[in-house]
Amino acid sequence: MKKKTIFYLIACTVMLWLQSCKHNTSSDNNMAFDSVNFVEKFPRSITLQNKTEPKIDVIGIRNFAIYDSLLIFSTINDDALWSLVSLNNYSTLGNFLKKGQGPFEFIESPSVGSRATFSKQDSLFAYIYDSQKGNLLKMNIDESLRSKETKIYSVSQSLPSFLFNLVLIDSVTFMGKEINPTQTQQIRYLIHGKDKKPIQMLSKLNNAKIEQGEDINILSTITKRNEKQNILVEMPIGLNHLNLYTLDGKLRKSICIGKQLDNIDDIQEKKRQNRLYTFADLRIFEKYFGVLQINEEEETYQTARRKKPSILLFDWVGNPLAELKLDHHITSFDIDFQKGDLYTFDAHSDEFYKYNIKDFLTDI
């Protein structure tokens, strides 16, 4: 009897040890850096009020972006995938990009929020990644507006197709993010010509893993780059943190909204409809960046959308600046800093609103 008791105690000890090991191992599966800022409260929090509805004559809007004095819309219109509108009087300045199989046509409308990078050089350019064809195109927006014709040409035709992210690092170098052969990880690497170079300092993020057959979007992000400071920010769509880094490794920081990082192993144990849809839009500004926080279970978001979203602002070292609470649902946002206006759009209801936040922008 005594031997049985000893054996039972040893077995229990081993089981507890194995459970502890399993927990400790899974706790690292979070796609975050070792340095983490935990944000539970923002220095400023306001509820947006007094919205107005600009009269925009654009049908089939999916998302939008602001650059200088332009509102640039992605639409579902086959002959006008992008519509350019004046911020001054909301008049339509031109419709560009077509749906089709041609060399400068698109199978689906390229998102101005996640598939395009705008750059002011001698003219305003838009770099557009065509994920279906693996092409990077460069559109001269100023020249297109002057000529009323789409002025566009190919920058690279040898990029991988269906990259989850493509970020311009310089004129000949890009950072790509694609699924690995087992479809369990999303790997970040540099692309130079036809060469791919691993980014060792991002191994902590690349090592994040799901089980085979699981939803790869657990690891999906929208990634953008601050061109002047050369800082990249990653916004996951199903995890409660953001990643901020430079490719030289001098900055590697995660920003967790809450007390604890989401654990990928724990997420996989939940039914898909019970998993959180955390963030939906990422916008880059000169002094800070902003994300649209949804933080609602996927099932209710698709059917009822019970939670109202917020726009969260952070500086470029990861400090929280402000939380802007909304009284309605949106899917994208951007700011006109010249007039101090915040614009929001909801792709589900086609509602396009404007808030004047000039005093708020001055304070932060």
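Residues numbered from 1 in each chain as written. Predicted model: local features only at pLDDT ≥ 70, side-chain atom pairs only at ≥ 80, totals over all residues. Heavy atoms only, no water.

A. Region of interest: the pattern of salt bridges. For the structure shown, the criterion picks out 13 salt bridges. Of the charged contacts in the structure, one is a salt bridge between Asp34 and Lys204, with a shortest N-O distance of 3.9 Å. Placement of Asp34 in the loop between helix 1 (2-27) and strand 1 (36-39) and of Lys204 in helix 3 (residues 203-206) is noted, with a sequence separation of 170 residues between them. Given the relative accessible area of 27%, Lys204 is considered partly exposed. (Salt bridge = Lys/Arg side-chain N within 4 Å of Asp/Glu carboxyl O. Helix = DSSP H or I, 4+ residues; strand = E, 2+ residues; numbered from the N terminus. Buried < 20%, exposed > 50% of the residue type's maximum accessible area, 1.4 Å probe, protein only.)

B. Geometry of a nonpolar patch on the surface. Side chains of Phe104, Tyr153 and Val155 sit close together on the surface and give an oily, nonpolar patch of about 250 Å² of accessible area. By secondary structure assignment, the location of Val155 is in strand 10 (residues 152-156). Under the relative-accessibility criterion, Val155 is labelled partly exposed at 33%. (Patch = residues over 30% accessible without salt bridge, like charges linked within 9 Å, V, L, I, M, F, W, Y side chains within 5 Å. Areas by Shrake-Rupley, 256 points an atom, 1.4 Å probe, with all protein chains shown as cover.)

C. Here's a closer look at the side chain of His328. Here His328 shows up in the loop between strand 22 (320-325) and strand 23 (332-336). Only 2.7 Å separates the side chain of His328 from the side chain of Tyr355, close enough to count as a polar contact. Those residues in contact with His328 that lie beyond four places of it in its chain are Lys51, Lys308, Pro309, Thr344, Tyr353 and Tyr355. (Polar contact = N/O pair within 3.5 Å; in protein donor to acceptor, adjacent residues only side chain to side chain. Contact = heavy atoms within 4.5 Å.)

D. Main features of the packing of aromatic side chains. Scanning all chains against the criterion turns up 15 aromatic pairs. Ring centres of Phe285 and Phe337 lie 5.2 Å apart, and the angle between their planes is 70°; this geometry places the pair in the edge-to-face category. Separated by 52 residues along the polypeptide, Phe285 in the loop between strand 19 (276-284) and strand 20 (288-297) and Phe337 in the loop between strand 23 and strand 24 (341-346) bring together distant segments of the chain. In textbook terms, an aromatic cluster arises when at least three aromatic residues are bridged by ring pairs, as seen for Phe64, Phe73, Tyr343, Phe345 and Phe352. The positively charged end of Lys51 is found above the aromatic ring belonging to Tyr353, 5.2 Å away from the centroid. (Phe/Tyr/Trp six-rings, centres within 6.5 Å; stacked < 30°, edge-to-face > 60°. Lys NZ or Arg CZ within 6 Å of the ring centre and 35° of its normal.)

E. Structural context of the sheet that holds strand 21 (residues 310-315). The strand order across the open sheet formed by five strands is 2-22-21-20-19, and the pairing between neighbours is mixed. Of all strands in the sheet, those with a lone pairing partner are strand 2 (44-47) and strand 19, marking the two edges. Direction aside, the axes of adjacent strands within the sheet are offset by 20° on average. (Pairing = 2+ DSSP bridges. Axes fitted to C-alpha atoms, helices over the stretch in contact; angles between N-to-C directions.)

F. Focus on the sheet that holds strand 25 (residues 351-356). In spatial order, the strands read 23-24-25; together these three strands make up an open sheet with antiparallel pairing. With partners counted over all chains shown, the strands left at the sheet margins are strand 23 and strand 25, one partner each. Averaged over all pairs of adjacent strands, the angle between strand axes in this sheet comes to 20°, irrespective of strand direction. Of the pairings in the sheet, the one linking strand 23 to strand 24 comprises five bridges and is antiparallel in character. Within the sheet, the bridge partner assigned to Ser332 lies in strand 24 and is Phe345.

G. Spotlight on the pairing of strand 8 (residues 124-130). Summarising burial for strand 8: seven of the seven residues are buried, a large majority. Residue alternation in strand 8 divides its side chains into two sets, Leu124, Ala126, Ile128 and Asp130 and Phe125, Tyr127 and Tyr129, and both sets are buried. Relative to strand 8, strand 7 (residues 116-120) runs antiparallel, the two being bridged by five bridges. Within strand 8, the position partnered with Phe118 by the bridge is Ala126. What sits between strand 7 and strand 8 in their antiparallel hairpin is a turn of three residues. Two strands pair when backbone bridges link them, and strand 8 and strand 9 (residues 135-140) are joined in this way by six bridges, in the antiparallel orientation. Opposite Ala126, over in strand 9, you have Met139 as the bridge partner. The hairpin turn running from strand 8 into strand 9, its antiparallel successor, is four residues long, and Gly134 in that turn takes a positive phi close to 70°.

H. A look at the environment of Ser161. Considering the arrangement of structural elements, one finds Ser161 in the loop between strand 10 and strand 11 (165-168). Considering only alpha carbons, one finds Ser161 and Lys148, 13 residues apart in sequence, at a separation of 30 Å. Contact partners of Ser161, with chain neighbours within four places excluded, come to Tyr129, Ser131, Gln132, Lys133 and Gly134.

I. Structural detail: the nonpolar core. Ranked by internal contacts, the top residues of the largest apolar core, which has 22 residues, are Leu292, Ile311 and Leu342. Contributing elements (two or more residues each) for this core: strand 20, strand 21, strand 22, strand 23, strand 25 and helix 6 (358-363). In this view, Leu342 contacts Leu48, Ile311, Leu324, Phe333, Asp334, Ile335, Tyr353, Lys354, Tyr355 and Ile357; residues no more than four positions away in its chain are not counted. In terms of nonpolar packing, the next biggest core, distinct from the first, is built from 20 residues, Leu70, Phe106, Leu137 and Leu145 among them. (Core = buried A, V, L, I, M, F, W, Y, C linked by side-chain atoms within 4.5 Å.)

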